[in-house]
Structures are given as C-alpha cells and as structure tokens.
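Listed here are the chains, written in short residue letters.
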Amino acid sequence: MKPSKSAETQTATLAEIARAAGVSAPTVSKVLNGRADVAPATRTRVEGLLRVHGYRRRRAEASRSPLIDLIFHELESAWALEVIRGVENVARDAGLSVVLSESAGRLSPGRTWADQVAARRPHGVVLVLSELDESQRALLTSRSIPFVVMDPAGDPGPDVPSIGATNWQGGLAATRHLVELGHTRIGAISGPSRMMCARARVDGYRAALETAGLPVDPSLIVAGDFHHDAGYRLGLTLLRRPDRPTAVFAGNDLQALGLYEAARELGLRIPEDLSVVGFDDLPVARWVGPPLTTVRQPLTEMAEAAARLVLELGREPEERAATRMELATSLVVRSSTVAPASA
C-alpha cells in the first residue's frame, strides 16, 4: 500500500529522493543549495520530488548566512527608504545584514532571484509589494527559508505570512475629512488596479461618499501608478474639466505632489481653489508648500514587523499557521485642505 503523504514527508531522505530522480545524492544537494551547475531538466525533476515529499532541510543542515533578503518590485522613491529603514533596524539589532534587490517592476521576482536566495541561505526573505509563484515558494520552503510579504500586491493566500495596513479605513478617513469640510465633488487618483492596497483605498473613498449620501461619479476616479508623473498627468485631466472637483484624494503622497504641480500649472491655489489629501505621510509631506494633509501609513513599523516575523518563523522548529497583520493608518491634517470656496 502506498504510504500517506504525511508518512512520506516524515521519512523522505536525500538518498531516497536521489533514487527517485535517477541522480546522485550530491546532485540533489546541489539543487538544494541553489548551485548553478545542474541541468535545468534535472533541477526541475529534483525540485518536483522535493515538493512531493515535502522535504525540508534539517536544522543541522540549514546553516544560515547572517542575512535578510529584502526585495522590492521597484526602488524609486522615499517610500522604499522608509521600508529599508525598518528592516535595517531589526536586522541590526539581530546582528544581521540586509541584501537589497529589485524585480524591475514585476510583481513576481524572476527564477534567477529565487536561485540566488537559495544559494545565500539567508535567515529569511521580506517581499514588498511582491509575490512568489508556487515553484518559488516551494524552493524556499524546501530550504527552510521563511518569507513574509509586506503590503501584498494581491491576495497572498491563507498560507502566506503578510503585513499590511488598514488601507480601506485610510481611504474612508481621507474622503470623510473632505466631506466634513463641505466638499461634494471629490476626485480620486488611485494606484494600479492590480494592487490590493490601491483597490482598498478607492473602496474606502467610495464608502465615505455613499455613507454621506453623495453620488460616486466614476469619471472622477482615475487610475495612476503611484508615481509623481501620474499625479501630474491625471491631475491635469481632472482639473481641466469644466466641472472640475474642488478636492482630490490622491491615493499616495507622490501622486499628491504631482497634483500640486498640475494645479500650479493651471493657476489654481492649494487649498483655496483645490483641497488635496495624500496617503503614506512621507517626510516630504511636511516640507511641501502647503504642508500636505495625508493618511499616515506606518511604513517603518510595518517593515519592522515583517522583519521580526520572518526571524520568528525561522526560529520555529515546526510549521505554524500563517500570520496576517494589519497596522492602523491615521489621518494627519495639515494645510492642504479647507472648506470649498463655494461654502
């Protein structure tokens, strides 16, 4: 009778996996260690068997490098610096270093990256606005390399530890603030629809309008990419309308700064002619003129929580349930929002 999967998981050894794959035990060891000198077809066959048997490196075998791997889908802004600071804080206290990498705008890093991580054998991996495909997850799991997703782009699934923020509540608070000031025509520059955090912020915006009994005008909701240029370009589109909004929820601080530039180009004053709310509360939000009303997303604290969690997962000898944690956002009112002139 064929043994159950749980029995296979408990008893599988490198020698057994090597026999099943038709290769030597040293070849299986090379695959486990991420060595490049293995034929692609052999690597695929061995990793498939490692997944089937649920093989994990024994703790004695899993000699880890004093590293935490931190990967972004892109590295272009002060947003990333806040995250790096948080991971560095935890790594420094633990006597570890941080390896920083970028997936060039792709939400899922390439296979080469996964092989490099497997070869480095860090204490853990923190992925920011990124996600792993099934083979990458299996590769890290088979080598006992824990991973945590911070601010996941999509639904990470019930078995993936993740750290996020209360994005829906933040979008609600930003829009409710504008409604309470008396604005009834409020635009929104969202982030990419493929990102869960962007969708949640716009959903909060919609909820605030609906709760106040105000109509949701789809033409006032435009999708950006969380960059300054999108805020500028889409800001011009919204503000050139004959029925332009009197306030805009910009979705993040960088797009809010682009909106500032668009307003200046069109001769509109902030906040007298246009109220603006951002999201993130980057340091620049306090320095820009006028200082930006925004929703504080605790980026450094989120990164610290992700780094602490990945180290905790590495210390656990047994599997544990995935953790989903959301840190609270809060509205920070500054000088970019006032009652509309018509009020």
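The notes below deal with the structure included here. Computed from a predicted model, the values in this text were never measured in an experiment.

## Some details on the packing of aromatic side chains
Here the distance between the centres and the angle between the planes together describe a pair of aromatic rings.
So, point 1. All told, the structure shown has one aromatic pair when counted by the stated rule.
So, point 2. Ring centres of Phe249 and Phe279 lie 6.5 Å apart, and the angle between their planes is 50 degrees; this geometry places the pair in the tilted category. Taken as a pair, Phe249 in strand 8 (residues 247-249) and Phe279 in strand 9 (residues 275-280) lie far apart in primary sequence, 30 residues in all. Assigned by exposure class, Phe249 and Phe279 land together as buried.
So, point 3. Directly above the ring of Phe279 sits Arg201, whose terminal nitrogen or CZ lies 3.8 Å from the centroid.

## As for helix 5 (residues 78-93)
So, point 1. Compared with the 22 Å implied by 1.5 Å per residue over 16 residues, the 23 Å span of helix 5 between its first and last C-alpha is a close match.
So, point 2. Along helix 5, the positions that sit buried rather than exposed are Trp79, Ala80, Glu82, Val83, Ile84, Gly86, Val87, Val90 and Ala91.
So, point 3. Residues of helix 5 that are buried in the fold lie against strand 1 (67-72), strand 2 (97-102), strand 3 (124-128), strand 4 (147-150), strand 9 and helix 13 (299-315).
So, point 4. With its phi angle positive at about 75 degrees, Gly95 sits one or two positions after the end of helix 5.

## Some details on the sheet that holds strand 1
So, point 1. If you walk across this open sheet you meet the six strands as 2-1-3-4-5-11, and the pairing is parallel. Two strands close off the open sheet at either side, each with one partner strand: strand 2 and strand 11 (324-327). Going from strand to strand, the sheet's axes swing by 20 degrees on average, the running direction of each strand aside.
So, point 2. Sheet topology places strand 1 next to strand 2; six bridges connect them, and they run parallel. Of the residues in strand 2, the one forming a bridge with Ile68 is Val98.

## So, the nonpolar core
The nonpolar side chains of a soluble globular protein tend to be buried, and buried together.
So, point 1. One finds Phe72, Trp79, Val126, Val128, Met150 and Ile163 to be the most contacted residues of the largest nonpolar core, which totals 36 residues.
So, point 2. It is helix 13 that contributes the most residues to this core, 10 residues altogether.
So, point 3. Discounting residues that sit within four places of it in the chain, Val126 has contacts with Ile68, Asp69, Leu70, Ile71, Val148, Met150, Ala306, Ala307 and Val310.
So, point 4. Formed by 21 residues, the second largest nonpolar core is a distinct cluster that contains Leu259, Tyr260, Ile270 and Val276.

## Focus on empty space enclosed by the protein
So, point 1. By the definition in use, this model includes three cavities of 30 Å³ or more.
So, point 2. Lining the largest cavity we find 20 residues, and of these Glu74, Ser77, Trp79, Leu129 and Phe226 sit closest to its centre.
So, point 3. Counting only elements with at least two residues in the lining of the largest cavity, the list comes to helix 5 and helix 9 (196-211).
So, point 4. Of the residues contributing to the lining of the largest cavity, the split by class is nine nonpolar, five polar and six charged.

## What about the sheet that holds strand 10 (residues 293-296)?
So, point 1. Here we have six strands laid out as an open sheet, ordered 7-6-8-9-10-12, and mixed in their pairing. Pairing within the sheet leaves two strands with one partner each, and these edge strands are strand 7 (221-223) and strand 12 (330-332). Sheet twist, expressed as the mean angle between neighbouring strand axes with direction ignored, is 20 degrees.
So, point 2. Sheet topology note: the strand 8/strand 9 ladder contains three bridges and is parallel. In the strand pairing of strand 9, Ala247 is matched with Ser275.
So, point 3. Where helix 8 (residues 167-181) meets the sheet, its contacts fall on strand 6 (186-190), strand 8, strand 9, strand 10 and strand 12, and the angle it forms with strand 9 comes to roughly 165 degrees.

## Section: the pairing of strand 3
So, point 1. For strand 3, the buried fraction is high: five of the five residues fall into the buried class.
So, point 2. Where strand 1 meets strand 3, five bridges bridge the pair, whose relative direction is parallel. For Ile71, the partnering residue across the bridge sits in strand 3 and is Leu127.
So, point 3. In the classification by handedness, the crossover that spans strand 3, the intervening helix 7 (residues 134-142) and the parallel strand 4 is right-handed.

## Details of the pattern of salt bridges
So, point 1. Following the criterion strictly, the structure yields 10 salt bridges and no others.
So, point 2. A salt bridge links Asp273 to Arg269; the shortest N-O distance between them is 3.1 Å.
So, point 3. According to the relative accessible area criterion, Arg269 is partly exposed, its value standing at 48%.
So, point 4. Each of Arg185, Asp217, Arg241 and Asp243 takes part in salt bridges that share partners, so that together they form one network.

Conventions used here
Residues numbered from 1 in each chain as written. Predicted model: local features only at pLDDT ≥ 70, side-chain atom pairs only at ≥ 80, totals over all residues. Heavy atoms only, no water. Phe/Tyr/Trp six-rings, centres within 6.5 Å; stacked < 30°, edge-to-face > 60°. Helix = DSSP H or I, 4+ residues; strand = E, 2+ residues; numbered from the N terminus. Buried < 20%, exposed > 50% of the residue type's maximum accessible area, 1.4 Å probe, protein only. Lys NZ or Arg CZ within 6 Å of the ring centre and 35° of its normal. Expected span 1.5 Å × (residues − 1). Contact = heavy atoms within 4.5 Å. Pairing = 2+ DSSP bridges. Axes fitted to C-alpha atoms, helices over the stretch in contact; angles between N-to-C directions. Core = buried A, V, L, I, M, F, W, Y, C linked by side-chain atoms within 4.5 Å. 1 Å grid on protein atoms, 1.4 Å probe; cavity = no way out; pocket = protein on both sides within 12 Å on 5 of 7 lines; lining within 4 Å. Points joined across faces, edges and corners; volume = space filled by probe spheres on them. Nonpolar A, V, L, I, M, F, W, Y, C, P; charged D, E, K, R; others polar. Right-handed = clockwise from strand over helix to strand, strands pointing away. Salt bridge = Lys/Arg side-chain N within 4 Å of Asp/Glu carboxyl O.

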